[in-house]
Amino acid sequence: MNQNSGKHNPTLILIASVTAAVLVVANISSLNVALPELSRELGASQSDVQWMVDIYAFFLAALLLPAGALGDRYGRRRILLFGIFILGIANAASLTTDDVSWVIVSRAVSGIGAACIFPATLSTITTTLPAEKRVRGITIWTASVFFGGLSGVLISGVLIENYWWGSVFLAMAILAGIIFVFCYKCLPNSSAPEEAHLDPLGVILSFLAIGGIVFGVMEGPTKGWSSSLIIASFLVGGICLLGFIIWELHTDRPVLDIRMFADRGVRAGSFSLLVQFAVAFGFFFLTVPFLAFVFGYGPLDMGLSLMPAAIGLFPASAIAIPLTRKIGFKTVGTFGLVLLAGAFYLGTIADTNSDFKLFALVMVIYGAGVGLASPPATEILVAAFPSEKQGVASALNDVLRELGAVIGIALSGSIFNTGYREAISTIEGFSPEVIEVVRETPAAASLIAPSLGEAGPVLLSEVSSAVIIGWGNALWAALVTVIFGAIGFCVWAPGRKDRSALALQQSSKLGIGAYREVTKIVMIEGVGSRRSIIVKQKIRTKDQM
């Protein structure tokens, strides 16, 4: 293993890694607030704006595993810097056009760059920080990932309120340049080339599996769930997923060793992270039409409206790991997921007459749930791997997060779109042309309403009611998902009593070494006396499998 962190300040290493991770997540959420403006300025449909958000997360999730392996082989710092460069250039390229397709392509390239950045951030923390600072580093990184989502929304809100939609991409390009220089100066070189598994066939199969399933989920409401294209998309995704699992079990150097999911700690942490990010980023996506078309908020107000989540997020993140030391992973992680379920239930109560107090309460509980659920799941997962495989551990952790984000945005968007469009189709008193335009996106209502005279406010009211229906349907789906997540985590996660045993078991399984206690009776003979004492010692053993 190649590691060179002796001349680097651990605090600066942590700050650089965290800022790079925040850049990746902020690029997901920053576009959310700009979606209504993009929809109006570029003539984008609701499906188009969903693709603008999801195409980034899609390429990020699909390429994280190979990018993590590339970092292990060629150096995590090198791949991270390459990713920041690509992300910055792609954001700058978005400024050169007003074509929806080109914006989507630029977002896809940004996702490729982000995939090179994200695995290197956590693996750098776990492999280069001193042992006594790693747990704290993981906790800060976890909280910062969600803070990146909030900060991206706030930054874009301020920019859209005062400038034009392209200012969001410009800001992200400038931030990428600043963070590139900071990471170049502060991050050490670390790699583990002997552990890097590129596995080209596994990468292709995983890409096709994610692509087929995500495309089917996102385009189902538009093209029809029974259309041949959507059915074919799900079939391709399912077949490639099965092929990926079979191949990864067969090959000697898998990009993702499926066998490790037999471990209950890995299984629990993975399942929890997948569920958390699916519902968390799906919820982020839903808040935009809710705040814009029910509350009538502008971009800045939308960004500020999400800030109450920080009130719950940061205190909960700070106490999550200390709490696990006292009451166990299972209790803390499960309670965090239950809080998320409570937040979504409160959200379903909202209607067109609700005020901001209810939404603020939802955000506080939502933040607390994420803050308690995420750090234990991340630590369980990272602790299951030895130091030379931290690139793989980080990549798996990131894949689960970003795959969850892709699935969450796709599912939430599809459920919202289905409910919204069905509700719009039942509106009476308007021409079919008006209904068809508004059915594509709620943003069209504010453009059409002034030309309808007295019927304009009626149209806006009907659109708000339709948004509430889509919002409620999607939140009920998130509520059911997170309940299943809480049950799964509660069943699989290690409790307080078996946490130490689990750690020793992981060490043994990975061949790192474990300890067993040996008791000996030692006879001591003296003049006129003979005594025995019991001596206990720990002997280090190594798995020979």
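Explain the overall build of the protein chain here, please?
When helices and strands are counted, the protein chain shows 18 helices and four strands. Burial status across the protein chain gives 57% buried among its 545 residues. Of the contacts formed within the protein chain by residues at least 6 apart in sequence, a portion of 80% connects residues at least 24 apart. Accessible surface for the protein chain amounts to roughly 22200 Å². Of this, 65% is attributable to carbon and sulfur atoms.

Just to check I follow, could you spell out the confidence of the model for the protein chain for this structure?
Low pLDDT means the predicted atomic positions in that stretch should not be read closely. The pLDDT averaged across the protein chain works out to 79; a share of 85% of its residues lies at or above 70. Throughout residues 500-545 the model reports pLDDT below 50, and contacts reaching past four residues in sequence, or to other chains, amount to 62 contacts.

So what exactly am I meant to see when it comes to a nonpolar patch on the surface here?
Among the surface-exposed residues, Leu95, Ile155, Tyr163, Trp164, Leu170, Ile174, Leu175 and Ile178 lie close enough to one another that they form a single nonpolar patch of about 740 Å² accessible area. Among the elements that make up the nonpolar patch, the one with the highest residue count is helix H6 (residues 166-186) (four residues). For Ile178, a relative accessible area of 53% puts it in the exposed group.

Sorry if this is basic, but what is going on with the nonpolar core here?
Proteins that are soluble and globular tend to have nonpolar side chains buried together. One finds Phe344 and Tyr366 to be the most contacted residues of the largest nonpolar core, which totals 150 residues. No other element matches helix H1 (residues 10-42), which puts 18 residues into this core. Setting aside residues no more than four positions away along its own chain, Tyr366 makes contact with Ala280, Phe283, Phe284, Ala309, Leu340, Ala343 and Phe344. Membership of the second largest hydrophobic core comes to five residues, among which are Ala316, Val332, Ala368 and Leu372.

For this particular structure, what's the right way to read the environment of Ile415?
Along the chain, the position of Ile415 falls in helix H14 (residues 390-425). As for Ile415 and Ala477, which are separated by 62 residues in sequence, their C-alpha atoms are 8.2 Å apart. When near neighbours in sequence (up to four residues on either side) are disregarded, Ile415 contacts Asn473, Ala474 and Ala477.

Looking at this model, I keep getting lost on the packing of H1 against helix H9 (residues 264-293). Mind explaining?
Packed helices, taken two at a time, are described by their axes: the angle between them and the distance between them. Where H1 contacts H9, the two axes come as close as 9 Å, and the packing angle between them is 20°. The angle between the axes of H1 and H9 places the two elements in the roughly parallel class. As H1 runs across H9, the sense of the crossing is right-handed. Mapping the contact onto sequence places Val25, Ile28, Ser29, Asn32, Val33, Leu35 and Pro36 in H1 and Phe281, Phe284, Phe285, Val288, Ala292 and Phe293 in H9. In terms of residue class, the contact of H1 with H9 is made up of 11 nonpolar, two polar and no charged.

I would appreciate a short explanation of the side chain of Arg77 in the present structure.
Here Arg77 is to be found in helix H3 (residues 76-93). Those residues in contact with Arg77 that sit more than four places away from it in its chain are Cys183, Tyr184, Leu187, Pro188 and Asn189.

How should I be thinking about helix H4 (residues 100-128) in this particular structure?
An α-helix turns once every 3.6 residues. As a result, residues three or four positions apart point the same way. Spanning 29 residues, H4 covers 42 Å between terminal C-alpha atoms, matching the ideal 42 Å at 1.5 Å per step. Residue Ala114 marks the point of greatest curvature in H4, where the axis turns by about 25°. Burial analysis of H4 places 24 of its 29 residues in the buried class, the great majority of the element.

Just checking my understanding: could you explain the packing of aromatic side chains for this structure?
Aromatic ring pairs are defined here through the distance separating the ring centres and the angle between the ring planes. Across all of its chains, the model carries 17 aromatic pairs by this definition. For the pair Phe356 and Phe359, a centre-to-centre distance of 6.1 Å together with 40° between the ring planes defines the contact as tilted. One end of the pair is Phe356 and the other is Phe359, both in helix H13 (residues 356-383) and three residues apart, which spans about a single turn. On the basis of relative accessibility, which here comes to 29%, the residue Phe356 falls in the partly exposed class. By way of ring pairs, the aromatic residues Phe277, Phe281, Phe283, Phe284, Phe290, Phe295, Tyr297, Phe344, Phe356, Phe359, Tyr366 and Trp471 are connected into one cluster.

Mind showing me how you'd approach the environment of Leu400 here?
Tracing the chain through its elements places Leu400 in helix H14. The class for Leu400 is buried, based on a relative accessible area of 9%. Remark: the alpha-carbon pair of Leu400 and Phe277, spanning 123 residues in sequence, is separated by 8.0 Å. Residues in contact with Leu400, not counting those within four places in the same chain, are Ser270, Leu273, Leu274 and Leu381.

Explain the packing of helix H12 (residues 329-348) against H13 here, please?
Close contact between H12 and H13 brings their axes to 7 Å; oriented N to C, the two are set at 155°. As judged from the angle between their axes, H12 and H13 are roughly antiparallel. The handedness of the crossing between H12 and H13 is left-handed.

Explain the side chain of Ser206 here, please?
Inspection of the secondary structure puts Ser206 in helix H7 (residues 200-223). Ser206 sits in the buried class, given a relative accessible area of 11%. In this view, Ser206 contacts Ala62 and Phe244; residues no more than four positions away in its chain are not counted.

The rules we used
- Residues numbered from 1 in each chain as written.
- Predicted model: local features only at pLDDT ≥ 70, side-chain atom pairs only at ≥ 80, totals over all residues.
- Heavy atoms only, no water.
- Helix = DSSP H or I, 4+ residues; strand = E, 2+ residues; numbered from the N terminus.
- Buried < 20%, exposed > 50% of the residue type's maximum accessible area, 1.4 Å probe, protein only.
- Contact = heavy atoms within 4.5 Å.
- Areas by Shrake-Rupley, 256 points an atom, 1.4 Å probe, with all protein chains shown as cover.
- pLDDT = per-residue confidence, 0-100.
- Patch = residues over 30% accessible without salt bridge, like charges linked within 9 Å, V, L, I, M, F, W, Y side chains within 5 Å.
- Salt bridge = Lys/Arg side-chain N within 4 Å of Asp/Glu carboxyl O.
- Core = buried A, V, L, I, M, F, W, Y, C linked by side-chain atoms within 4.5 Å.
- Axes fitted to C-alpha atoms, helices over the stretch in contact; angles between N-to-C directions.
- Parallel < 35°, antiparallel > 145°, perpendicular 65-115°, else oblique.
- Left-handed = near helix turned anticlockwise from the far one by under 90°.
- Nonpolar A, V, L, I, M, F, W, Y, C, P; charged D, E, K, R; others polar.
- Expected span 1.5 Å × (residues − 1).
- Bend = angle between axes of the 7 residues up to and from the residue.
- Phe/Tyr/Trp six-rings, centres within 6.5 Å; stacked < 30°, edge-to-face > 60°.

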